[in-house]
Structure formats: structure tokens, C-alpha cells
Amino acid sequence: DMVCVELEDGIAPKDKSEARQKALKLFQKTQANDGVERILRINSIRERFGIEDLNSILTAKTPPPAIMMPKVRTPDEVILVDQLLSEAKHPTRIHVIIETNEGLEAAHDIARSSKRIDALFFGGVDMAAELRCPNTFDTLFYARSRVAHASALAGLDVLDVPYLDLDDPEGMRIEAQRVRDLGFTGKGSIHPKQIAALNEVFTPTKDQITRARRIISEFEAANTGLVVIDGKLIEKPVMREMYRINSIADRLGE
């Protein structure tokens, strides 16, 4: 669904400049219209490297289609980047990582700070360090829930932190299922071998798609406030999920 080119924590300080130059060259080529989003994760704009990343993007003739902003603490950071991109006449979209205590507290305001924002990301590793707790699902339950709530309220996608143990695919699948049930729409991956399982978790099954379309058809045909299908009461709130599943299926060509 998306690929993120890294300039932040995965790049040593001595290599930042070279990485920036090479990354921006990638976007000089015409990007394939294949449904895959291209994102460049910059450094925090509260740091020198982040300011240099942003300046290079602003002066680029072919800026990345989207940037990922890490360690965002306040809405002002996003608003500033939005304004600078607008001045440069760049259509670049924004993805925001919530991974600091300040960012978690301001998550709702951050989510609504710019129309350029497409998604919030939950940065579990940094968040655990900020909260002084182990990086587990249970200890980060509140933090994840707050980010999911802020995203849903603003109508944004919300993606979970990658699972770092490459030798524990079952653990990754379980965590992905748990965050999906919290309202997350996806989960990051750090290795290609994780992608298939994650797509399976977050993609509706054929049975779910068939059921959703049948419920939509019967509900709309009934033209009432509720219907009973397979012994279950179906009201408008339930229909939101059915329409969401159908929308995903349509995009996938199912």
C-alpha cells in the first residue's frame, strides 16, 4: 500500500546529507501509477537535520508525494510545514507519527491541524520510552486507543508501529489482529516477509465482503431504519462498517 524512504532514526548523523540527496533523486523519476503511496520520512523539524530535510523538499522541482513527520509534539509543527509547502506550491501530503508524551496529549488537535494529513502513525518504540514502560500491547493500550480515537474523529487512516521481531511471525499476526480490533487500518512492516500476513489481517475476507454487500443490498431495499438479517439486528451504525468493507473491496477490485 505504501513504501517509506527513511531519513530519520535509521540513518546515522554522518550519513544524513548523503541519504537526503539520494532520497530526493528517487522522486525525480516519474512515479508509477500503481496504487502504492511513496513517502519520505524526514527528521523532526525541531532538529537541524529536519530543517535541512524540509528546505531541500521545498526547493525540489519534484518533491515527494508525501512526507512523514516524526516526533510531532504540537499542531504548530504541522501547520508550519503545511504553510511552507503551500508557499512552495507543493501538493505534498503529510503523515504524522504520534510517539511523544506531548504528541499523545495533543493527538486530537494534531489530527485536525491540516487538510494535508492522510494518516496518523503510532510510534510504539519511542512512546514506550517516553512512558517509561515495556513495549507491549497491554502497556501501550491507552496510548494506542487515544491515537486511534483521534484518527477516527478526524477521518484519517491510522497505522500501528512495525513488529520488530522478524522471527516471530505469529506474534506479529496476533498484535496486528489486536490493533485492527482497536480501529487501526494498517500496521507498518520492516521487512518484505511481513507484508503478506499484514495485508491478510487488514483486508476483509471474501466471506466478509459477500456478507457486507448482501447486508447493504437488503438494508437499502428495505428502506427502513433497521432490518433483521441472519437473526441479527442491523441498524445504521452497523452499516458504516458494511460500507467501509465494500469500499475496500471495490478498491481491491474484488
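How each quantity is defined
- Residues numbered from 1 in each chain as written.
- Predicted model: local features only at pLDDT ≥ 70, side-chain atom pairs only at ≥ 80, totals over all residues.
- Heavy atoms only, no water.
- Helix = DSSP H or I, 4+ residues; strand = E, 2+ residues; numbered from the N terminus.
- Rg over C-alpha atoms; globule rule 2.2 N^0.38 Å.
- Buried < 20%, exposed > 50% of the residue type's maximum accessible area, 1.4 Å probe, protein only.
- Lys, Arg positive; Asp, Glu negative; His and termini not counted.
- Charge placed at Lys NZ, Arg CZ, Asp CG, Glu CD.
- Pairing = 2+ DSSP bridges.
- Contact = heavy atoms within 4.5 Å.
- Axes fitted to C-alpha atoms, helices over the stretch in contact; angles between N-to-C directions.
- Core = buried A, V, L, I, M, F, W, Y, C linked by side-chain atoms within 4.5 Å.
- Patch = residues over 30% accessible without salt bridge, like charges linked within 9 Å, V, L, I, M, F, W, Y side chains within 5 Å.
- Areas by Shrake-Rupley, 256 points an atom, 1.4 Å probe, with all protein chains shown as cover.
- Salt bridge = Lys/Arg side-chain N within 4 Å of Asp/Glu carboxyl O.

(A) Focus on the overall build of the protein chain. The number of helices and strands found in the protein chain is 11 helices and 9 strands. By the compact-globule yardstick of 18 Å for 254 residues, the protein chain fits well, its C-alpha radius of gyration being 20 Å. When its C-alpha atoms are laid out on the principal axes, the protein chain stretches across 65 × 40 × 35 Å. A buried classification covers 43% of the 254 residues belonging to the protein chain. Of the side chains in the protein chain, 35 bear a positive and 40 a negative charge, and the two mean positions are spaced by 3 Å.

(B) Representation of the sheet that holds strand E7 (residues 186-187) in the model. Strand order in the open sheet formed by 7 strands is E1-E2-E3-E4-E5-E6-E7, and the pairing between neighbours is parallel. Bordering the open sheet on either side are strand E1 (2-6) and E7, each of which pairs with just one other strand. With 5 bridges connecting them, strand E4 (residues 93-98) and strand E5 (residues 117-122) associate as parallel partners. Among the inter-strand pairings, Val96 is bridged to a residue of E5, identified as Leu120. Across the sheet, helix H3 (residues 75-87) touches strand E3 (66-69), E4 and E5, and the angle it forms with E4 is around 165°.

(C) Representation of the nonpolar core in the model. Counting 48 residues, the largest nonpolar core has Leu40, Met69, Val78, Val81, Ile94, Val96 and Leu120 as its most contacted members. Excluding residues that lie within four positions of it along the chain, Ile94 makes contacts with Ile67, Met69, Val78, Val81, Asp82, Leu85, Ser114, Arg116, Ile117, Asp118 and Ala119. Counting residues in hydrophobic clusters, the runner-up holds 12 residues, among them Phe219, Ile229, Ile245 and Ala249.

(D) Examining the environment of Met68 more closely. Mapped onto the elements, Met68 comes out in strand E3. Taking the relative accessible area as the measure of exposure, Met68 reaches 6% and is therefore buried. When the C-alpha positions of Met68 and Leu7 are compared, they lie 9.9 Å apart, and in sequence the two are 61 residues distant. The residues touching Met68, leaving out its near neighbours within four places in the chain, are Cys4, Ile39, Leu40, Arg41, Ile42, His95, Ile97 and Phe121.

(E) Structural view of the environment of Ala111. In this fold, Ala111 is placed in helix H5 (residues 107-111). Its relative accessible area of 3% is what places Ala111 among the buried residues. Through-space distance from the C-alpha of Ala111 to that of Val96 is 8.2 Å; in sequence the pair is 15 residues apart.

(F) How the structure looks around a nonpolar patch on the surface. A cluster of nonpolar side chains, namely Val125, Leu164, Leu166 and Ile190, defines an oily patch on the protein surface of about 320 Å² accessible area. Assignment of secondary structure puts Leu166 in the loop between strand E6 (157-160) and helix H8 (169-182).

The values reported here are purely geometric and, on their own, carry no functional implication.
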